Amino acid sequence: MSSRSSHSSLAKSESAGAEEMLSLLRQSLKSCKIPGETNFEASTPHVFVILGASGDLAKKKIYPTLWWLYRDRLVPENTIFFGYARSDLTVDQVRAKCEQYMKVKEGEEERYQQFWTLNYYVKGSYDTRRDFELLNQEMTKVGTEKANRIFYLALPPSVFEPVTSNVKKCCMSPGGWTRVIIEKPFGKDSDSSAKLSAHLAGLFKEEEIYRIDHYLGKEMVQNLMSLR
Ligand SMILES: NC(=O)C1=CN([C@@H]2O[C@H](COP(=O)(O)OP(=O)(O)OC[C@H]3O[C@@H](n4cnc5c(N)ncnc54)[C@H](OP(=O)(O)O)[C@@H]3O)[C@@H](O)[C@H]2O)C=CC1
Ligand SMILES: O=C1O[C@H](COP(=O)(O)O)[C@@H](O)[C@H](O)[C@H]1O
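Below, the structure is looked at part by part.

The rules behind each value
- Residues numbered from 1 in each chain as written.
- Chains lettered and ligands numbered in written order.
- Predicted model: local features only at pLDDT ≥ 70, side-chain atom pairs only at ≥ 80, totals over all residues.
- Heavy atoms only, no water.
- Helix = DSSP H or I, 4+ residues; strand = E, 2+ residues; numbered from the N terminus.
- Contact = heavy atoms within 4.5 Å.
- Areas by Shrake-Rupley, 256 points an atom, 1.4 Å probe, with all protein chains shown as cover.
- Near = heavy atom within 4 Å.
- Polar contact = N/O pair within 3.5 Å; in protein donor to acceptor, adjacent residues only side chain to side chain.
- Nonpolar A, V, L, I, M, F, W, Y, C, P; charged D, E, K, R; others polar.
- Phe/Tyr/Trp six-rings, centres within 6.5 Å; stacked < 30°, edge-to-face > 60°.
- Buried < 20%, exposed > 50% of the residue type's maximum accessible area, 1.4 Å probe, protein only.
- Lys NZ or Arg CZ within 6 Å of the ring centre and 35° of its normal.
- Salt bridge = Lys/Arg side-chain N within 4 Å of Asp/Glu carboxyl O.
- Core = buried A, V, L, I, M, F, W, Y, C linked by side-chain atoms within 4.5 Å.

1. A closer look at the overall build of the chain
So, step 1. Each helix and strand in the chain was counted, giving nine helices and six strands.
So, step 2. In the chain, of all internal contacts separated by at least 6 residues, the share reaching a separation of at least 24 is 79%.
So, step 3. Carbon and sulfur atoms form 54% of the exposed surface of the chain, whose accessible area is close to 13,100 Å².

2. Notes on the site of ligand 1
So, step 1. Close to ligand 1 lie 16 residues; Ser-54, Leu-57, Arg-86, Ser-87 and Tyr-126 are nearest.
So, step 2. Here an oxygen atom of ligand 1 and a backbone polar atom of Leu-155 are 2.9 Å apart.
So, step 3. Protein contacts shield 68% of the accessible area of ligand 1, which totals 870 Å² for the unbound molecule.
So, step 4. Looking at the shell around ligand 1 residue by residue, the classes come out as nine nonpolar, three polar and four charged.

3. Section: the packing of aromatic side chains
So, step 1. For the structure shown, the criterion picks out 11 aromatic pairs.
So, step 2. Between Phe-82 and Tyr-120 the ring centres are 5.1 Å apart and the planes differ by 20 degrees, which places this aromatic pair in the stacked class. Taken together, the residues Phe-82 in strand β2 (residues 79-85) and Tyr-120 in strand β3 (residues 119-123) connect sequence positions 38 residues apart.
So, step 3. Given the relative accessible area of 29%, Tyr-120 is considered partly exposed.
So, step 4. Taken together, the aromatic side chains of Tyr-63, Trp-67, Tyr-70, Phe-81, Tyr-112, Phe-115 and Trp-116 make up a single cluster linked through ring pairs.
So, step 5. For the cation-ring pair, Arg-111 lies above Tyr-70, with the distance from its terminal atom to the ring centre recorded as 3.8 Å.

4. Section: the pattern of salt bridges
So, step 1. Following the criterion strictly, the structure yields 13 salt bridges and no others.
So, step 2. Its salt-bridge partner being Arg-130, residue Glu-133 comes within 3.1 Å of it at the nearest N-O pair. You can see Glu-133 and its partner Arg-130 sitting in helix α5 (residues 129-142), three residues apart, about one turn around the helix.
So, step 3. Looking at Glu-133, the relative accessible area reads 27%, which means it is partly exposed.
So, step 4. When the shortest N-O distance is used, the salt bridge between Arg-211 and Glu-206 registers 2.8 Å.
So, step 5. A relative accessible area of 48% places Glu-206 in the partly exposed class.

5. Focus on unusual backbone geometry
So, step 1. Of note, the bond from Lys-184 into Pro-185 is cis; its omega dihedral lies within 30 degrees of zero at 10 degrees.
So, step 2. Topologically, Pro-185 is positioned in the loop between β5 (178-183) and α7 (190-203).
So, step 3. Of note in this structure, Arg-73 is not a glycine but carries a positive phi near 55 degrees.
So, step 4. Relative to the helices and strands, Arg-73 is located in the loop between α2 (56-71) and β2.
So, step 5. For Lys-103, which is not glycine, the phi dihedral falls at a positive 50 degrees.

6. A look at the site of ligand 2
So, step 1. The local shell around ligand 2 consists of Lys-61, Lys-184, His-214, Tyr-215 and Lys-218.
So, step 2. With respect to ligand 2, the side chain of Lys-61 contributes an N or O atom lying 2.5 Å from an oxygen atom.
So, step 3. Lys-184 has a polar side-chain atom sitting 2.5 Å from an oxygen atom of ligand 2.
So, step 4. Protein coverage of the free-state accessible area of ligand 2, which is 390 Å², stands at 52%.
So, step 5. A per-element tally of the shell around ligand 2 places helix α8 (residues 214-222) first, with three residues.

7. A word on the nonpolar core
So, step 1. Counting 53 residues, the largest nonpolar core has Ile-50, Leu-51, Tyr-63, Phe-132, Leu-135, Val-163 and Val-167 as the members making the most contacts within it.
So, step 2. A total of six residues in this core trace back to one element, the largest contributor, which is α2.
So, step 3. If we ignore the near neighbours within four places in the chain, the residues touching Leu-135 are Val-49, Leu-51, Phe-82, Tyr-84, Val-122, Phe-151 and Cys-171.

Such coordinate-based values are descriptive only and should not be taken to indicate function.
In structure tokens, the structure reads:
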């Protein structure tokens, strides 16, 4: 076999491997029927909110990941995305910040364009109830009251408490479920971690809270096929 054809069969087998993994992921999402949860195929609308949408984590990790999930049809079709932060930004400006991390391949441009048409941005502070009321109004206006809502805190830990309090007061989904995702660090020592946990427990049920350390699981997720 020539080196060119061995490269091309390697590329084919890698892309077949990726397709196989995506197909497995879709199958498992579709067969997942947890009571009270959304069936992946159902038409239930979802709103994914990135709090701290102007920041480093948002542009390097969260928006790219949402785009890749959307591209690979691993989020329910009826999903919209809201960015929220104090910076005065438009969706186009958020898009420009993210651009170099999105890794859009040839042939994906149309879907990529579609992804951004599903995005909205609301400017607001983290400790003002009125701003979260406005976010709530916008989400309801663009989406529906039935939509499940997911709030991703891409924010410094110093604002975790006011933000989660305001989400609870103003932004819980009226007709669906609500989830709050917090990226590490969960406090800086045992006391501050316990304080944060107590605060969250006072607002949400445990199943409404997701604590993420993407770094801890990274290698395992990347090697999912070898682990099977
Ligand atoms: N960046 C990364 O790769 C990783 C980050 N993390 C964690 O994710 C979270 C977010 O990180 P990252 O995006 O890097 O952080 P940033 O410093 O970029 O902050 C995110 C946004 O929060 C707002 N913000 C920043 N400082 C403050 C402040 N003192 N008070 C109120 N709002 C503020 C700003 O938005 P605005 O002014 O527009 O409101 C900013 O764009 C942190 O908890 C971090 O530890 C974890 C792993 C990796
Ligand atoms: O959580 C973390 O993530 C960032 C980014 O990691 P990446 O390898 O997924 O790009 C990392 O720089 C940081 O050290 C780590 O704590």
